[in-house]
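Residue-level structural notes
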Amino acid sequence: MGTVIGLTLPVGSPTEGQPRFDELTAATAVVERLFRNLDEKFSLYRQDSEAGRLARGELTLPAASAQLRERYAEAHEWRLRTEGAFTPERPDGVLDLSGIIKGHAIREAGTSLLALGRHDWCLNAGGDVLVSGSPHPGTTKRWKAGIVDPADRRTLITGYALGGKSRHSAIATSGSVERGEHIWRVGSGSEFVQVSVAAADIVTADVLATAIVAGGTPMLNRAADNWDVDVLAIRVDGSMLATPAFHPA
């Protein structure tokens with residue numbers, strides 16, 4: 001998926017009766033396998049992927065796998081809910097599910113970790129973060145995500161606490177700084193260079209971050225009115241719009 005996947009597990013919290021090395025190996029393996037399998041199916045950079053065949057017209061959507069059609073249906077639902085600010089098609093009409101697949105992969109990896117009996121962890125896929133439990137099991141301490149300054153990637157401009165008793169366990173950041181301009185903007189959607197959204201689930205956070213970058217202030221207002229989210233949006237001139245939950249690092 002063109003990014004680095006990180007899994008953090010608290011030290012000293014092995015599953016009862018299982019050696020810690022085996023626990024780490026199993027958790028790492030399930031996350032790696034899931035991301036690899038989804039990349040093989042959905043990457044447009046792989047000639048043999050199902051998504052690549054669909055983009056080249058060698059496969060039609062009705063003939064695609066159930067997994068691909070399910071992700072398209074989910075992406076299409078988000079297009080309706082965001083009034084087109086998020087879309088599963090490129091401007092040239094080519095189907096591109098990249099905007100939802102990473103969030104879906106993180107979501108599925110989190111479900112798999114819970115099924116393994118792991119309840120305290122942090123998954124980070126290129127800055128999109130999903131957490132469960134606490135970095136210190138048995139305490140109320142929460143995981144903390146840092147938001148990087150788009151003007152200086154060595155600097156954090158704020159932090160956000162996730163997990164624990166917080167209503168939000170996920171945060172995603174979209175923008176043009178890390179990967180260049182890759183988001184299809186609509187209407188007045190050229191004012192934000194970076195948007196971070198915290199939500200209860202990673203797909204909502206990821207999709208809305210992308211949609212706000214694409215749709216600008218109208219989409220930011222729509223997200224704030226219709227979803228239980230916290231938002232930090234950074235304009236081209238460096239000024240910011242933020243909900244109170246974001247605080248100095």
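None of these values were measured; they are calculated from a predicted model. (Residues numbered from 1 in each chain as written. Predicted model: local features only at pLDDT ≥ 70, side-chain atom pairs only at ≥ 80, totals over all residues. Heavy atoms only, no water.)

1. As for the side chain of Glu-89
This is how it is decided: Runs of H or I in DSSP of at least four residues are treated as helices and runs of E of at least two as strands, each being numbered from the N terminus. Each residue gets one of three labels from its accessible area relative to the maximum for its type: buried under 20%, exposed over 50%, partly exposed in between, using a 1.4 Å probe on protein chains only. Definition of a polar contact: a pair of N or O atoms within 3.5 Å, with one able to donate and the other able to accept a hydrogen when the atoms are protein atoms, and with sequence-neighbouring residues admitted only if both atoms are side-chain atoms.
As for its position among the elements, Glu-89 is in the loop between α3 (66-81) and α4 (98-115). Residue classification places Glu-89 among the buried residues on the basis of a relative accessible area of 18%. Here Tyr-72 takes part through its side chain, which lies 3.4 Å from a polar atom of the side chain of Glu-89.

2. Re the pairing of strand β7 (residues 192-199)
Applied cut-off: By the convention used here, strands pair only if DSSP detects at least 2 bridges between them.
Burial runs high along β7: eight of the eight residues are buried. Bridge analysis of β7 against strand β8 (residues 230-235) gives six bridges, and the strand direction is antiparallel. Its bridge partner being in β8, Ser-196 is matched across the sheet by Leu-232.

3. A look at the nonpolar core
Just so we agree on the cut-off: Throughout, nonpolar core names a set of buried Ala, Val, Leu, Ile, Met, Phe, Trp, Tyr and Cys residues whose side chains join them through atoms within 4.5 Å. Contacts between residues were defined by any pair of non-hydrogen atoms, one from each residue, lying within 4.5 Å.
Counting 51 residues, the largest nonpolar core has Leu-97, Ile-100, Val-197 and Ile-212 as its most contacted members. Put simply, the parts of the chain that give this core at least two residues each are α1 (20-42), α3, α4, β2 (121-125), β6 (170-175), β7, α5 (202-226) and β8. The dominant element in this core, judged by the number of residues it contributes, is α5, at 12 residues. Beyond its immediate sequence surroundings of up to four residues, Ile-100 is in contact with Arg-71, Glu-74, Ala-75, Trp-78, Phe-86, Val-203 and Val-207. If you look at the next biggest cluster of nonpolar residues, it comprises 12 residues, including Trp-143, Ile-171, Ala-198 and Phe-246.

4. Topic: the sheet that holds strand β3 (residues 128-132)
Rule in force here: A fitted line through C-alpha atoms represents every axis, and for helices the fit uses only the stretch in contact; the resulting angles, taken between N-to-C directions, go from 0 to 180 degrees.
In space, the seven strands of this open sheet follow the order β1-β2-β3-β6-β7-β8-β9, with antiparallel pairing throughout. Strand pairing shows two members of the sheet lacking a second neighbour, β1 (5-8) and β9 (240-242), which therefore form its edges. Ignoring which end each strand starts from, the neighbouring axes of this sheet average 10 degrees apart. Pairing of β8 with β9, which is carried by three bridges, proceeds in the antiparallel orientation. Looking at β9, one finds that Ile-234 is bridged to Met-240. Where α4 meets the sheet, its contacts fall on β1, β2 and β3, and the angle it forms with β2 comes to roughly 160 degrees. On the sheet, α5 packs against β3, β6, β7, β8 and β9 and is oriented at approximately 140 degrees with respect to β7.

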